[in-house]
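Topology and contacts: notes
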Amino acid sequence: MNKVLLLGDEAIAQAAIDAGLSGVYAYPGTPSTEITEYIQASGEAAERNIHSKWSANEKTAMEAALGMSYVGKRALVCMKHVGMNVAADAFINSAITGVNGGLIVLVADDPSMHSSQNEQDTRFYAQFAMIPVLEPSNQQEAYDMVYDGFELSETLGVPIVLRITTRMAHSRSGVTRKPVKKQNELSFPSDPQRFVLLPAIARKQFKRLIEAQNTFIEKSEQSSYNQYIDAPNRSKGIITCGIAYNYLMENYPSGCEYPVLKIGQYPLPKKQLLHLVESCDEILVLEDGYPLVEEALKGYLGIGIKVKGRLDGSLSRDGELTPDNVAKALGFPQEKTTEIPEVVKMRPPSLCQGCGHRDVYEALNEVVKEYGQAKVFSDIGCYTLGALPPFRAIDSCVDMGASITMAKGAADGGLFPSIAVIGDSTFTHSGITGLLDCVNENTSVTIIISDNETTGMTGGQDSAGTGKLRAICEGTGVLPEHVRELIPLKKNYEEMKRVIREEIEYQGVSVIIPCRECIQIIGKKKKK
Amino acid sequence: MKTDIILSGVGGQGILSIAAVIGEAALANGLYMKQSEVHGMSQRGGDVQSNLRISDAPVASDLIPKGKADLIISLEPMEALRYLPYLKKDGWLVTNSIPVENIPDYPDLDEIMNEINRLPHKIIVNADKIAKETGSARVANIVLLGATTPFLGISYDKIAGGIKRIFERKGREIVDLNLKALEAGRREAPSK
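I will try to describe carefully the structure that is included in this document. (Residues numbered from 1 in each chain as written. Chains lettered and ligands numbered in written order. Predicted model: local features only at pLDDT ≥ 70, side-chain atom pairs only at ≥ 80, totals over all residues.)

Overview of the overall build of chain B
If you tally the helices and strands in chain B, you get seven helices and six strands. Beginning at the N terminus, the succession of helices and strands in chain B can be written as β-α-β-β-β-α-β-α-β-α-α-α-α. For 192 residues, the compact-globule estimate of 2.2 N^0.38 gives 16 Å, and the C-alpha radius of gyration of chain B, at 15 Å, lies within 12% of that figure. Each principal axis of the C-alpha distribution contributes one length, and for chain B these read about 45 × 40 × 40 Å. Residues classed as buried in chain B amount to 56% of the 192 residues present. For chain B, contacts bridging at least 24 residues in sequence account for 66% of all contacts bridging at least 6. (Helix = DSSP H or I, 4+ residues; strand = E, 2+ residues; numbered from the N terminus. Rg over C-alpha atoms; globule rule 2.2 N^0.38 Å. Buried ≥ 20, exposed ≤ 12 C-beta atoms within 10 Å, placed from the backbone. Contact = placed C-beta atoms within 7 Å.)

Next comes the structure, spelled out in structure tokens:
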């Protein structure tokens, strides 16, 4: 047996390559980034001419993947959970059009918010789109699910969601590979009308999707990823979703005393669920993320089946599962462990020494002090760390691109000065349309695009706007004399402060672009 | 055999290279392993950790339960203490003695050392100094790994083999430097 040591993300990437993938589309986002990076670095992928360049955002990625599926090829689109919010329009409608070549939508959820703004659960999106989900419990299953998932997508004629969580994405284990498949030949949908979602066609397609639901449930009931493991003690039945199974088994090294239904494929397998509910006195649901299965079983009023989980307090409503909180939910006595000594202090992440964002905040903070009421709306990226001491420089961080549009709304509401700080990659991801809104109304906002020529927070991926930011801003209609470029360095502080002041005073749209390459990237280049 | 290890440090110190070497050696030994790590935001100078589990039977959880770790390997002394709730009563703590003081309220080093010294089984190594003497400050992580070799449940030679495979693509010189660092670290470990 020849095993390779792979992260969950890497196992997914390798499986896609082996399954005859023609293209991966993605925007970087922890914990999904390594999938695309693995394919980009793979010699095999290069030999086979597999598309792997980064997309501008998750929506463009989702649409490009659907286009590749349209011509019969197998496509993978990857994103973090909040990326699904951006891709959602294309995603929901891809379930209505259906697919031609196999299409896997890989979404990495981040319960406990290790690197995110929320812990939304992608299984709800899939339920909303009415398409199947695969959720692996280990790296080998992640590999197998992707390897077979393209065929499942082609058989059922819809995209398949592959849902993982941070622990799955960023945990390494031995994985056995399967034989490499050829890529699909170019082919067109046999019923080309179904991709034209005019209401008349969409209605037909939606009915088809509704009718397919029973088939999806049957597939789940037959799936080897849904396992009913019987046991003698029927006082409790346990349902585990994805990696929750591992935490259960950690507590029962020689087998669980209760019947277990291990879920790896959705919609939920009705027969097995019914069997478990009928055989056991009560049900404990172990699932990472939101209580999707628990709620479905319990019903809103909770007057039916006796179900325990995140809703009744057996497990916390928020945060990821661990072997310890699962042990507690199972009723095992809690052993007393050593406390963290008081001397240990928090060590939050911080902007790197020598980072250009630091210089931007130093200068900005001084100018902001001169105005009583200035607010700085910021965005998603390394520069969000400007919220922490010593800078405390920003007043908001909500979603990709929200800095510019929130600054606009605040300015419309009477705020002066209204300032936005956004990174270069976030700007091209979702900032350009907001800038156009500002230009069209000549709103008095000062937008700082802190340009480090990379997608920094996720480890330095190509940034879609490198070298084009001035052209993009002028293209949307910002006056050339109000697009100001700077080099954020200590020696330029006086100039930086002067420019920021001038543009705040200008009653219209200004864009300031302090540009200096990410020092992590400079370091990486030196090592090479 | 079963060895549960927590690796800790500050983003950028190289705990993932230690994990990779042990993991590679474990796999070459036909052992089962799971290794969970932190990517993303915390890597920017924050506290980072990795859970590494090696066993001759399949490993269930990617995360180590509290009170079950056999070993904490820490590249930074305060970070060594952060994971004490996970250490077994008779577990070993192997830590670098050199602090990374990148926060304004970094505690007094003596207080940290007092806490470490209260543990029954610990090895404190000036990995930075030994690494420099070996040839490069960048191999401090491998020096520390060397000091842990008696507790891993994998032979020294297999760990050396892991180093060869992990650093192979970086060239002979880098492999030799890391092997030297591993050996220098081993001399710091008590004979078991």
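Notes on the sheet that holds strand β18 (residues 509-514) of chain A
All names here are of chain A. The five strands are arranged β14-β15-β16-β18-β17 in an open sheet whose pairing can be described as parallel. Single-partner strands in this sheet number two, and they are β14 (375-377) and β17 (483-486). Ignoring strand direction, the axes of neighbouring strands in this sheet form an average angle of 20°. With three bridges joining them, β14 and strand β15 (residues 418-423) adopt parallel strand pairing. By the bridge assignment for β15, Lys-375 is matched with Ser-418. In the packing of helix α15 (residues 402-412) onto the sheet, the strands contacted are β14, β15 and β16 (445-450), and the crossing angle to β15 comes to about 175°. (Pairing = 2+ DSSP bridges. Axes fitted to C-alpha atoms, helices over the stretch in contact; angles between N-to-C directions.)

Here we look at the interface of chain B and chain A
Taken together, the 40 residues of chain B in the interface contact 37 residues of chain A. Within the side of chain B that touches chain A, the residues separate by chemical class into 17 nonpolar, 12 polar and 11 charged. Pairing analysis gives three bridges linking strand β7 (residues 171-176) of chain A to strand β2 (residues 32-37) of chain B, with the strands arranged antiparallel. Its bridge partner lying in β2 of chain B, Ser-171 of chain A is registered against Ser-36 of chain B. (Nonpolar A, V, L, I, M, F, W, Y, C, P; charged D, E, K, R; others polar.)

Section: the packing of helix α14 (residues 356-370) of chain A against helix α19 (residues 493-505) of chain A
All names here are of chain A. Where α14 meets α19, the closest approach of the two axes is 9 Å, and the angle between their N-to-C directions is 50°. By the angle between their axes, α14 is oblique relative to α19. Of the two possible hands of crossing, α14 and α19 adopt the one that is right-handed. Along the contact surface, α14 presents Glu-362, Ala-363, Leu-364, Glu-366 and Val-367, while α19 presents Tyr-493, Met-496, Lys-497, Ile-500 and Arg-501. Class assignment for the residues of the contact of α14 with α19 results in six nonpolar, no polar and four charged. (Parallel < 35°, antiparallel > 145°, perpendicular 65-115°, else oblique. Left-handed = near helix turned anticlockwise from the far one by under 90°.)

Things to note about helix α10 (residues 244-251) of chain A
All names here are of chain A. By the criterion of burial, α10 is predominantly enclosed, with seven of the eight residues buried. Among the residues of α10, those classed as buried are Ala-244, Tyr-245, Asn-246, Tyr-247, Leu-248, Met-249 and Glu-250. Packed against the buried residues of α10 are β9 (237-241), β10 (260-263), β12 (283-286) and α13 (323-329).

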